[in-house]
Amino acid sequence: MADEGGEFVDVLLEWYAENGRHDLPWRDPSASPFEIFVAELMLQQTSAEQVRGVYGEFVEQYPTAGTLLAAPEEDVAKAIEPLGLRKRTAYFRRASAQLLARHDGRVPDSRSELLNLHGVGEYTAASVLAHAYGRDASAVDTNVERVLARVFGSESAEPESSEMWDLSDRLAPAGRCDDFLHALIDFGAAVCTARDPNCESCPFEATCEY
DNA sequence: AATCCGGGGCC
DNA sequence: GGCCCAGGATT
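Residues numbered from 1 in each chain as written. Chains lettered and ligands numbered in written order. Predicted model: local features only at pLDDT ≥ 70, side-chain atom pairs only at ≥ 80, totals over all residues. Heavy atoms only, no water.

- For chain A, the name recorded in an unreviewed UniProt entry is Adenine DNA glycosylase, with Haloterrigena alkaliphila as its organism.
- Of the comments in the UniProt record for chain A, the one headed Cofactor (unreviewed entry) reads "[4Fe-4S] cluster".
- What UniProt records for chain A under Sequence similarities (unreviewed entry) is the sentence "Belongs to the Nth/MutY family." (UniProt positions renumbered as here; feature names shortened; annotations may be inferred.)

### Considerations on helix α8 (residues 122-133)
Phase 1: Helix length check: α8 (twelve residues) gives 16 Å between terminal C-alpha atoms against 16 Å at 1.5 Å per residue, within 8%.
Phase 2: With nine of its twelve residues buried, α8 lies for the most part within the structure.
Phase 3: Within α8 the residues assigned to the buried category are Thr124, Ala125, Ala126, Ser127, Val128, Leu129, Ala130, His131 and Ala132.
Phase 4: Lining the buried residues of α8 we find α2 (33-43), α7 (111-115), α10 (161-171) and α11 (177-190).
Phase 5: Downstream of α8 by a residue or two, Gly134 has a phi angle that is positive, lying close to 65°. (Helix = DSSP H or I, 4+ residues; strand = E, 2+ residues; numbered from the N terminus. Expected span 1.5 Å × (residues − 1). Buried < 20%, exposed > 50% of the residue type's maximum accessible area, 1.4 Å probe, protein only. Contact = heavy atoms within 4.5 Å.)

### Structural notes on the nonpolar core
Phase 1: Judged by nonpolar contacts, the single largest core of 67 residues is most densely connected at Phe8, Phe37, Met42, Phe58, Leu148 and Phe187.
Phase 2: Of the residues that make up this core, three or more belong to each of domain 1 (2-22 + 137-201) and domain 2 (25-133).
Phase 3: Look past the residues within four positions of Phe58 in its chain and what remains in contact with it is Val38, Met42, Leu68, Val76, Ala79, Ile80 and Phe92. (Core = buried A, V, L, I, M, F, W, Y, C linked by side-chain atoms within 4.5 Å. Domains from an automatic or database assignment.)

### Description of the protein's contact with DNA strand B
Phase 1: Residues in close proximity to DNA strand B include Gln45, Thr46, Gln50, Glu81, Pro82, Leu83, Gly84, Leu85, Arg86, Lys87 and Arg88, which together make up its full environment.
Phase 2: For DNA strand B, the backbone makes up 50% of the atoms found within 4 Å of the protein, where backbone means sugar plus phosphate.
Phase 3: Between DNA strand B and the protein, one listed contact pairs a base nitrogen with a backbone N or O atom of Leu83 at 2.6 Å.
Phase 4: The separation between a phosphate oxygen of DNA strand B and a polar main-chain atom of Lys87 is 2.9 Å.
Phase 5: Tallied by class, the residues present in the surface near DNA strand B amount to three nonpolar, four polar and four charged. (Near = heavy atom within 4 Å. Polar contact = N/O pair within 3.5 Å; in protein donor to acceptor, adjacent residues only side chain to side chain. Nonpolar A, V, L, I, M, F, W, Y, C, P; charged D, E, K, R; others polar.)

### Considering the packing of aromatic side chains
Phase 1: Under the counting rule described, the total for this entry stands at eight aromatic pairs.
Phase 2: Pairwise contacts between aromatic rings join Phe8, Trp15, Phe152, Phe187 and Phe204 into one cluster.
Phase 3: The ring of Tyr210 carries Arg150 above its face, with NZ or CZ at 4.3 Å from the centroid. (Phe/Tyr/Trp six-rings, centres within 6.5 Å; stacked < 30°, edge-to-face > 60°. Lys NZ or Arg CZ within 6 Å of the ring centre and 35° of its normal.)

### Overview of the layout of surface pockets
Phase 1: Computed from the structure, the largest pocket encloses a volume of approximately 680 Å³.
Phase 2: Leu43, Gln44, Thr46, Tyr123 and Asp141 are, among the 29 residues lining the largest pocket, the residues nearest its centre.
Phase 3: Along the lines of polarity and charge, the residues of the lining of the largest pocket split into ten nonpolar, twelve polar and seven charged.
Phase 4: Looking at the lining of the largest pocket, you find at least three residues from each of domain 1 (2-22 + 137-201) and domain 2 (25-133). (1 Å grid on protein atoms, 1.4 Å probe; cavity = no way out; pocket = protein on both sides within 12 Å on 5 of 7 lines; lining within 4 Å. Points joined across faces, edges and corners; volume = space filled by probe spheres on them.)

### Quick look at the domain arrangement of chain A
Phase 1: Along its sequence, chain A is carved into domain 1 (2-22 + 137-201) and domain 2 (25-133).
Phase 2: With 13 residues of domain 1 at the contact, the number on the domain 2 side is nine residues.
Phase 3: Buried surface at the junction of domain 1 and domain 2, both sides included, amounts to about 990 Å², of which 61% is carbon and sulfur.
Phase 4: Where domain 1 touches domain 2, the interface holds one salt bridge.
Phase 5: Among the ionic pairs, Asp186 bridges to Arg27, the shortest N-O distance being 2.7 Å.
Phase 6: In this assembly, domain 1 and domain 2 are joined by five residue pairs in polar contact (both at pLDDT 80 or more).
Phase 7: If one sorts the elements of the side of domain 1 that touches domain 2 by residue count, α11 sits on top with five residues.
Phase 8: Broken down by class, the residue content of the side of domain 1 that touches domain 2 amounts to seven nonpolar, two polar and four charged. (Buried area = accessible area lost by both parts, 1.4 Å probe. Salt bridge = Lys/Arg side-chain N within 4 Å of Asp/Glu carboxyl O.)

What follows is the structure, encoded as structure tokens:
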């Protein structure tokens, strides 16, 4: 099992190197923790291509918590209107206020402090740690959960989310959690899709439980 | 534990 | 017309 898992990681990272979405702006190494934080809030229940359409102008106008909070609320709302979920305007404003009040306007690098920000749950907190600070923090969204459940099979028909978090923790290669998570997400979005998965071009077709 | 949010893309 | 999307807040 552990051996199979190691091979899975190697093949997945190889797939990612060739087929990953390496041009997404919030994955650029120059992206600041706040810019990555902004991307994580935008990506909640929202496709990456949708976010790409508004992200660049948004972080250019609001590169910090201070600039975002100083902007008129209606301007922020209009900037993210194409993303849906209008309550995200409140997420941005309240979280920015909390960043300024508690963390001198900076994005914290601890799980507990991230969780106390409005709009940040277990997934977003772990994702920020992995992508903004290079931590080995596995973050399992519905996309990753589906991929792992299919490839490794799930004992129960309705797999416990905690099982997938543990599995992801075990699989994540030390020091490369950042790439590993992006690879899982891209693979889930391009090949192991929710409906009508592209199994014929899947490198795990031979051993996949699905 | 269940419900709600939301515009856009794709059946 | 229904389902899905880098989930989380609310009840």
